[in-house]
Amino acid sequence: MDSDSKCGMTGCRCAIMLLMIWILMVVVTALTYSISGFFDNYTVDTFCRKLNPKCMSIFYAAMEAMVCLGLFIWRGTELFQGIDITAIGIFAAAALMSVIGSVPYFFALRKDTTTENTLLWQIEPVMALVFAAILLGQMISFMQIIAFVLIIGATVLIILGSDRKRFRFRLDAGLLVLVSCVFYVLADTIFVFQARGLSIWTSIFWVMLSGVVINSLAILIIKSWRRDFKAFWKQDRPKKFASLFFNETIYLIGRFVERFGMLIMPLAIWKVTENILQLILTFILGIVFTLIWPKFGREKLSKKNIFHHALATGLVTVAIVLMG
């Protein structure tokens, strides 16, 4: 076997290995985000019925501060290489977009089930394409425009596919998810824009630290968050601690892996693949959780509802494949 053939085989193996790693990263992100979505819905409905869900940010900010401390102890001065005040400002802007986006996200959880909200979230790849084209210079194809129409159609189907009593709530949830998507995708786009050329650990450290600072300032400024957290923490502390700790751990695992993935693949392609897997996994987990733990899953399992969601899932799946 000549050297060119050996090089070709080696290159092929490397490409296959990289593809397998990338697929694993997408699966891990989609699975963790799906599980975290159910936990978010559960904690909001169970523990925050009369409280502002953002009061839980105090707990999440404390956990993320500990993660930042761990990263600093582990990586040391590496986290300051290539960083200047401009870079810190851009990472802070990305963190601010995430904090703002989390507000309508938590309120949307009060209006629909996890599966329905995940279907509404399929507008995210469309926004990723738009922001990637504007800020990262990526092109939009004709097939992606068709996919855009299909995803909008699926979103309208979710909003309109309900009785009159549910229509207003479904419409409100759709608008909240839309606003949340804009800020979350903008946050990811800004992160990718600034993180290119920097160490992944450096990028993650500064954007997470910025989020901790911004959330801490919001907690100091917004009195209702502090007041509601005191009310939130009065009863069932072990149960609430376990739920929030597990949820934030699962979410941070997915967030770390996602940020790795967004830096090794085009943002729009990553969002497309992640969303289609999350859509499918959430649909399956919603049925499983409802059967084994109805209070946690809380999905409607009538034949009409399952068919309705399966149809919308199929429509979005086709759209996302076209978009990719």
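Scroll up a little and you will see the structure.
Residues numbered from 1 in each chain as written. Predicted model: local features only at pLDDT ≥ 70, side-chain atom pairs only at ≥ 80, totals over all residues. Heavy atoms only, no water.

## Here we look at the packing of aromatic side chains
Counted by the stated rule, this structure contains 19 aromatic pairs. Ring plane angle 85° and centroid distance 5.6 Å describe the contact between Phe59 and Phe241, whose orientation is recorded as edge-to-face. Taken together, the residues Phe59 in helix α2 (residues 57-75) and Phe241 in helix α10 (residues 237-264) connect sequence positions 182 residues apart. On the basis of relative accessibility, which here comes to 10%, the residue Phe59 falls in the buried class. The class of Phe241 is partly exposed, set by a relative accessible area of 41%. Ring centres of Trp201 and Phe256 lie 6.1 Å apart, and the angle between their planes is 45°; this geometry places the pair in the tilted category. (Phe/Tyr/Trp six-rings, centres within 6.5 Å; stacked < 30°, edge-to-face > 60°. Helix = DSSP H or I, 4+ residues; strand = E, 2+ residues; numbered from the N terminus. Buried < 20%, exposed > 50% of the residue type's maximum accessible area, 1.4 Å probe, protein only.)

## Section: the environment of Ser210
Along the chain, Ser210 falls in helix α8 (residues 200-221). A residue is classified by how much of its surface remains accessible, and Ser210, at 8% relative accessible area, is buried. A C-alpha to C-alpha distance of 5.9 Å links Ser210 and Ala95, two positions 115 residues apart in sequence. Those residues in contact with Ser210 that lie beyond four places of it in its chain are Ile88, Phe91, Ala92 and Ala95. (Contact = heavy atoms within 4.5 Å.)

## Comments concerning unusual backbone geometry
Positive phi outside glycine occurs at Asp236, with the angle close to 50°. Along the chain, Asp236 turns up in the loop between α9 (223-232) and α10.

## Observations concerning the pattern of salt bridges
A complete count under the given rule lists four salt bridges for this structure. Each of Asp188, Arg255 and Glu258 takes part in salt bridges that share partners, so that together they form one network. (Salt bridge = Lys/Arg side-chain N within 4 Å of Asp/Glu carboxyl O.)

## Some thoughts on the side chain of Asp188
Within the element layout of this structure, Asp188 appears in helix α7 (residues 164-195). The class of Asp188 is buried, set by a relative accessible area of 3%. Only 2.9 Å separates the side chain of Asp188 from the side chain of Arg255, close enough to count as a polar contact. Ignoring any residue separated from it by four or fewer positions in sequence, one finds Asp188 in contact with Arg255, Glu258, Met262, Leu267 and Lys271. (Polar contact = N/O pair within 3.5 Å; in protein donor to acceptor, adjacent residues only side chain to side chain.)

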